[in-house]
Amino acid sequence: MTDVTGAHADVLHTLFHSDQGGHEQVVLCQDRASGLKAVIAVHSTALGPALGGTRFYPYASEAEAVADALNLARGMSYKNAMAGLDHGGGKAVIIGDPERDKTDELLLAYGRFVASLGGRYVTACDVGTYVADMDVVARECRWTTGRSPENGGAGDSSVLTAFGVFQGMRASARHLWGDPSLRGRTVGVAGVGKVGHHLVQHLLDDGAEVVVTDVREASVRRIVDRHPSVRVVADTEALIRIEGLDVYAPCALGGALDDTTVPVLTAGVVCGAANNQLAHPGVEKDLADRGILYAPDYVVNAGGVIQVADELHGFDFERCRTQAAKIYDTTLAIFARAKEDGIPPAAAADRIAEQRMHEAAAARGR
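None of the values given here were measured: they were computed from a predicted structure.

Caption draft 1: Layout of the overall build of the protein chain. Along the backbone of the protein chain there are 15 helices and 11 strands. The C-alpha radius of gyration computed for the protein chain amounts to 20 Å, which stays within 12% of the reference 21 Å derived for 366 residues, consistent with globular compactness. Dimensions of the protein chain, computed from the C-alpha atoms along their principal axes, are close to 55 × 45 × 40 Å. By sequence separation, contacts in the protein chain at least 24 residues apart represent 64% of the contacts at least 6 residues apart. Per element, the accessible surface of the protein chain, about 16200 Å² overall, is 49% carbon and sulfur. Of note, the protein chain has its 35 positive side-chain charges centred 4 Å away from the centre of its 47 negative side-chain charges.

Now the structure itself:
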């Protein structure tokens, strides 16, 4: 179903009427010469310019691309608010297969569209885009982060993302077991790619027993070659059922926590780097009902966005690491708020983020 503009009615309803909407601006971008079709969604600038990555993905339809941009931009508002950044939330999606359709001409055209927003939206890497791509975009747009060190950027943000997840895990251990150390705990890491393999190192350094799985054999081999003590299981289904598992760390695709996985999960804590771990509303209550402590993903995986935000002010790794270390205190504050309000931690995190955005908007008279 479409409306008179030809846009999918469900998308317009999401934008203007649903609780998932409330976006300030959505820009549809097209450059016929390069083949660019993109959507830039600005959810909020209450805390400052919207900041979020560029996803390059072969969406099945334009409506699906718009819906994804809306959801991702909203999520970035909450992530940036909880990370203590002076940035609102935004996201961009480029429609296409990055392996086939990505060219410098297309990225330059995209950079011109981002630049046309005059700094309301700051872009960075996401699924399907990389540091080298941001270097190209930056040739047309100064509001670009996640660039290479050779081009004035901070480079790979996975190091601080993993560090932040580890801090969230330490906070979870402190809240549940009274001790922030993971020594002697068994931690299962699903996905040992860019972020996951750094997380494994933190866990081993802290004395944890680590079990991993990944669909990519090369990623598993890299871990085992470097850390022979790490156990490997066939898949996530096996990982979440391990007897004696203390912590489950989803570090691959979203939707890891659903009606199938939660009932059989043996871990007492879920804390990982993957985005959008809750497959649908209500899963957070299912976790709480089973006594499983969930560290909200957008809180603990914020180390990367902390890094790209710092790049705008002249990147300093130690400054970023200090700010990412605060994820420990933020996670503890969320657990305390959840207990006080009698709600799951995911809902508590949302309330804290919404409060910060509301106060910022009120201070600006908006």
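From this point, the narrative continues.
Caption draft 2: Layout of the side chain of Ser 44. By the element assignment, Ser 44 lies in strand E2 (residues 36-44). According to the relative accessible area criterion, Ser 44 is buried, its value standing at 9%. A distance of 3.1 Å separates a polar atom in the side chain of Ser 44 from the backbone nitrogen of Ala 46. Contacts of Ser 44, omitting those with residues within four sequence positions, involve Glu 24, Ala 50, Ser 77, Gly 88, Gly 89 and Met 357.

Caption draft 3: Structural view of the packing of helix H6 (residues 158-177) against helix H13 (residues 317-325). Closest axis-to-axis distance for the H6/H13 pair is 9 Å, and the angle between their directions is 25 degrees. As far as their axial angle goes, H13 and H6 are roughly parallel. Once H6 is placed against H13, the crossing between them reads as right-handed. Of the residues in H13, those touching H6 at Val 159, Leu 160, Phe 163, Gly 164 and Gln 167 are Phe 317, Cys 320, Arg 321, Ala 324 and Ala 325. Looking at the contact of H6 with H13 residue by residue, the classes come out as 7 nonpolar, 2 polar and 1 charged.

Caption draft 4: Layout of unusual backbone geometry. Even without being a glycine, Asn 276 presents a positive backbone phi close to 50 degrees. Inspection of the secondary structure assignment puts Asn 276 in the loop between strand E10 (269-270) and helix H10 (283-289).

Caption draft 5: Focus on the nonpolar core. Counting 67 residues, the largest nonpolar core has Tyr 110, Met 169, Val 189 and Leu 203 as its most contacted members. The element that contributes the greatest number of residues to this core is H6, accounting for 7 residues. Excluding residues within four positions of it along the chain, Leu 203 makes contact with Phe 166, Met 169, Leu 182, Val 187, Val 189, Ala 208 and Val 210.

Definitions and limits used
- Residues numbered from 1 in each chain as written.
- Predicted model: local features only at pLDDT ≥ 70, side-chain atom pairs only at ≥ 80, totals over all residues.
- Heavy atoms only, no water.
- Helix = DSSP H or I, 4+ residues; strand = E, 2+ residues; numbered from the N terminus.
- Rg over C-alpha atoms; globule rule 2.2 N^0.38 Å.
- Contact = heavy atoms within 4.5 Å.
- Areas by Shrake-Rupley, 256 points an atom, 1.4 Å probe, with all protein chains shown as cover.
- Lys, Arg positive; Asp, Glu negative; His and termini not counted.
- Charge placed at Lys NZ, Arg CZ, Asp CG, Glu CD.
- Buried < 20%, exposed > 50% of the residue type's maximum accessible area, 1.4 Å probe, protein only.
- Polar contact = N/O pair within 3.5 Å; in protein donor to acceptor, adjacent residues only side chain to side chain.
- Axes fitted to C-alpha atoms, helices over the stretch in contact; angles between N-to-C directions.
- Parallel < 35°, antiparallel > 145°, perpendicular 65-115°, else oblique.
- Left-handed = near helix turned anticlockwise from the far one by under 90°.
- Nonpolar A, V, L, I, M, F, W, Y, C, P; charged D, E, K, R; others polar.
- Core = buried A, V, L, I, M, F, W, Y, C linked by side-chain atoms within 4.5 Å.

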